[in-house]
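Here's the letter readout for the chains.
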Amino acid sequence: MENKCIVCGGDIGEDEGNVCETCFRVLKEKYPCDKELDKILQWHKKQREELDEEL
């Protein structure tokens, strides 16, 4: 089963996390502080879950 990236919705492998490598690199560049990055990733995860519930 393929996982979906919580940021772009693209397919990612089973052993990957919630974010594809490309999105992670972009977010890490924009939010170099791990605390900020974690906050942004949690926001994206929540938004993706809400979107999935609506569909």
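Remember, predicted model here, so these are calculated numbers, not experimental data.

Take the overall build of the protein chain next. The helix and strand tally for the protein chain stands at 2 helices and 2 strands. Taken from the N to the C terminus, the helices and strands of the protein chain come in the order β-β-α-α. Residues classed as buried in the protein chain amount to 20% of the 55 residues present. Considering only intrachain contacts with a sequence separation of at least 6, the fraction spanning at least 24 residues in the protein chain is 20%. Counting only carbon and sulfur atoms, one obtains 49% of the accessible surface of the protein chain, whose full area is about 4,600 Å². Taken as two groups, the 9 positive and 15 negative side-chain charges of the protein chain have centres that lie 7 Å from each other.

Side chains bearing opposite charge may pair, as long as their charged atoms lie close to each other. A complete count under the given rule lists 4 salt bridges for this structure. Across the salt bridge formed by Asp 11 and Lys 4, the nearest N and O atoms sit 2.8 Å from each other. Among the ionic pairs, Lys 46 bridges to Glu 50, the shortest N-O distance being 3.9 Å. Residue Lys 46 and its partner Glu 50 are both found in helix H2 (residues 34-54); the two are separated by 4 residues, about one turn of the helix. A relative accessible area of 33% means that Glu 50 is categorised as partly exposed.

Conventions we followed
- Residues numbered from 1 in each chain as written.
- Predicted model: local features only at pLDDT ≥ 70, side-chain atom pairs only at ≥ 80, totals over all residues.
- Heavy atoms only, no water.
- Helix = DSSP H or I, 4+ residues; strand = E, 2+ residues; numbered from the N terminus.
- Buried < 20%, exposed > 50% of the residue type's maximum accessible area, 1.4 Å probe, protein only.
- Contact = heavy atoms within 4.5 Å.
- Areas by Shrake-Rupley, 256 points an atom, 1.4 Å probe, with all protein chains shown as cover.
- Lys, Arg positive; Asp, Glu negative; His and termini not counted.
- Charge placed at Lys NZ, Arg CZ, Asp CG, Glu CD.
- Salt bridge = Lys/Arg side-chain N within 4 Å of Asp/Glu carboxyl O.

Coordinates in, geometry out; function isn't part of it.
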